[in-house]
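For reference, the chains in residue letters:
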Amino acid sequence: MTTRAYDAARETFAEWGADTEAAMTALAAIPISVHCWQGDDVVGFETRKGNSGGGIQATGNYPGRARTPAELRADLEFAYAQIPGRHRLNLHAFYLDTDETPDRDEIEYRHFEPWVDWARQQGIGLDFNPTFFAHPRADDNLTLSHPDKGIRDFWIEHGRRSRDIAARIGEALGSPAVNNIWVPDGYKDTPVDRMAARRRLEASLDEMLSPPQDPRHMRDAVESKLFGIGVEACTVGSHEFYLGYAIRKGTLLCLDMGHFHPTENIADKLSSVSLSVDEILLHVSRPMRWDSDHVILLNDDILQMAQELVFADLLGKTRIGLDFFDATISRTAAWVIGVRNMQKALLRALLLPRARLQQAEHDLDHSTRLILTEELKDLPYAAVWAEFCDRMGVPTGAGLIAGLNAYQSSVASRG
């Protein structure tokens, strides 16, 4: 049942040339891959304690961290129930669910079957990531580019097995799993032979990706980074390295919002790289001075990125995933806030009079374009969002806050 507020909003948007019903239909069809590692501070389940290391750091010790796969799945089920639409889960390789203790080069599909069974029950797809950090063989922040061939071979095997697992997952669920490759490789101080390290990384990737996988089941992606803890001077897998690699090898290119200079705008990169790669993977995050992975807000960065996805017709070739982790707040609330903000940004972009704005720009009528973009900020987007949530059966406002607080209270006693 529509509300008077929505009816008024629909008429207002129609006056500007925007169709609220079409926008909501389009938004409902956009899945977002929710990252499992927000729920447990990037610890994983190879052991039940310890920290992630390897350049990954979650700040804080808020009560309620998931300690087991069952607890993490329960938290995810609650979070999905607060988010409109049907989404996905992004799983890292060290979130296996088994009583066995395989090393990274020994993992197999059976170690993740409980996740597949759960995803099938939930009606969601899964994505995957090999885990090249938080391991003794990554303590020096070198994996696929390590000078030691034995260490490189260990990580190549891990990557191969991860691809096999991702392909089995995609086949089992009838939806291709994106297998995203990020390695922490780099140097704390200025190296003298960047080329040797990058040649080793390229050769390792080639070997790791050489066994063919059916694209109907699995898609490879490669992810760059500017710098990280312990690799401040040089990251071997830079943006330029992976942009060239993705173009040559036909993989997806992953753009992580926290992996560039603070003044760089990911929205500006989307149309550029889309001309050279077939598909893009987004990791949506909020860096604050560096890659600190704060929960995303409905801020200008997110709004501009969503508008570029819509206006450049990139939704069909872009996989949207999230990548943030904050242990200073409720972890389930972080998921819910982040996914909903991504959806709100997409909804706003879908509600803009695209043809009118583009025509003004085409005519070099920059005054009209500026007037339009400013006046459009005052339109009643909130009423459309509330209607969308109501139709999807998820709460808003005070009801959402009460539900988030109640769930947090229920898990606060976790040790």
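Rules used in this analysis
- Residues numbered from 1 in each chain as written.
- Predicted model: local features only at pLDDT ≥ 70, side-chain atom pairs only at ≥ 80, totals over all residues.
- Heavy atoms only, no water.
- UniProt positions renumbered as here; feature names shortened; annotations may be inferred.
- Buried < 20%, exposed > 50% of the residue type's maximum accessible area, 1.4 Å probe, protein only.
- Contact = heavy atoms within 4.5 Å.
- Polar contact = N/O pair within 3.5 Å; in protein donor to acceptor, adjacent residues only side chain to side chain.
- Helix = DSSP H or I, 4+ residues; strand = E, 2+ residues; numbered from the N terminus.
- Expected span 1.5 Å × (residues − 1).
- Pairing = 2+ DSSP bridges.
- Axes fitted to C-alpha atoms, helices over the stretch in contact; angles between N-to-C directions.
- Parallel < 35°, antiparallel > 145°, perpendicular 65-115°, else oblique.
- Left-handed = near helix turned anticlockwise from the far one by under 90°.
- Nonpolar A, V, L, I, M, F, W, Y, C, P; charged D, E, K, R; others polar.
- Phe/Tyr/Trp six-rings, centres within 6.5 Å; stacked < 30°, edge-to-face > 60°.
- Lys NZ or Arg CZ within 6 Å of the ring centre and 35° of its normal.
- Salt bridge = Lys/Arg side-chain N within 4 Å of Asp/Glu carboxyl O.

Undergrad: Pulling in residues and values, what's your account of the UniProt feature "binding site: Mn(2+)" (unreviewed entry) in the protein?
TA: Here, the residues flagged by UniProt with the feature "binding site: Mn(2+)" (unreviewed entry) are H259, D291 and D293. Judged by maximum C-alpha separation, these annotated positions cover 35 residues in sequence but sit close together in space, the widest gap being only 9.7 Å. Look at D291 and you get buried, because its relative accessible area is 8%. Apart from the residues within four sequence positions on either side, D291 is in contact with K225, D256, G258 and H259. Within the structure, D291 has its side chain in polar contact with the side chain of K225 (distance 2.9 Å). Residue placement: D293 occurs in the loop between β9 (280-284) and α9 (300-311).

Undergrad: Before we move on, can you summarise α9 with the specific residues and values?
TA: Look at α9: 16 Å from first C-alpha to last across twelve residues, which is about the 16 Å you get at 1.5 Å a residue. Buried within α9 are the following residues: I302, M305, A306, L309, V310 and F311. Tucked into the core, α9 has its buried residues touching α8 (266-274), β9, β10 (318-322), α10 (331-350) and α11 (354-362). Of the residues flanking the end of α9, it is D313, one or two places downstream, whose phi is positive at about 55 degrees.

Undergrad: Tell me what's going on with the pairing of strand β1 (residues 32-35), and back it up with residues and numbers.
TA: Where burial is concerned, the two faces of β1 agree: the one with I32 and V34 and the one with S33 and H35 are both buried. Direction of pairing for β1 relative to β10: parallel, over a ladder of two bridges. Bridging across to β10, S33 finds its partner in G321. Direction of pairing for β1 relative to strand β2 (residues 88-92): parallel, over a ladder of three bridges. Following the sheet pairing, H35 is matched in β2 by N90.

Undergrad: Tell me about the packing of α11 against helix α12 (residues 366-375), and please be specific about residues and values.
TA: Viewed as axis vectors pointing N to C, α11 and α12 meet at an angle of 155 degrees, and their least axial separation amounts to 8 Å. Taken together, the axis directions place α11 and α12 in an arrangement best described as roughly antiparallel. By crossing handedness, the relation of α11 to α12 is classed as left-handed. For the pair formed by α11 and α12, the contact residues are R356, L357, A360 and E361 on the first element and T368, R369, L372 and T373 on the second. By residue class, the composition of the contact of α11 with α12 is three nonpolar, two polar and three charged.

Undergrad: I'd like a description of the packing of aromatic side chains, backed by residues and values.
TA: Enumeration over the complete set of coordinates arrives at 14 aromatic pairs. Through pairs of rings, three or more aromatic residues link up here, namely F45, F94, Y95, F133 and W182. Sitting over the ring of W115, R73 keeps its end group 4.7 Å from the ring centre. Looking at R137, its charged tip hangs above the ring of F154, at a distance of 4.6 Å from the centre.

Undergrad: Mind laying out the pattern of salt bridges, listing which residues take part and the relevant values?
TA: Applying the stated criterion to the full structure yields 29 salt bridges. Here R10 and D7 are joined by a salt bridge, their closest N and O atoms 2.9 Å apart. Within this pair, R10 and its partner D7 are both found in helix α1 (residues 4-15), separated by three residues, close to a single helical turn. On the basis of relative accessibility, which here comes to 34%, the residue R10 falls in the partly exposed class. R354 serves as the salt-bridge partner of D313, at 2.8 Å between the closest nitrogen and oxygen. In this pair, D313 is assigned in the loop between α9 and β10 and R354 in helix α11, connecting sequence segments 41 residues apart. The class of D313 is exposed, set by a relative accessible area of 55%.

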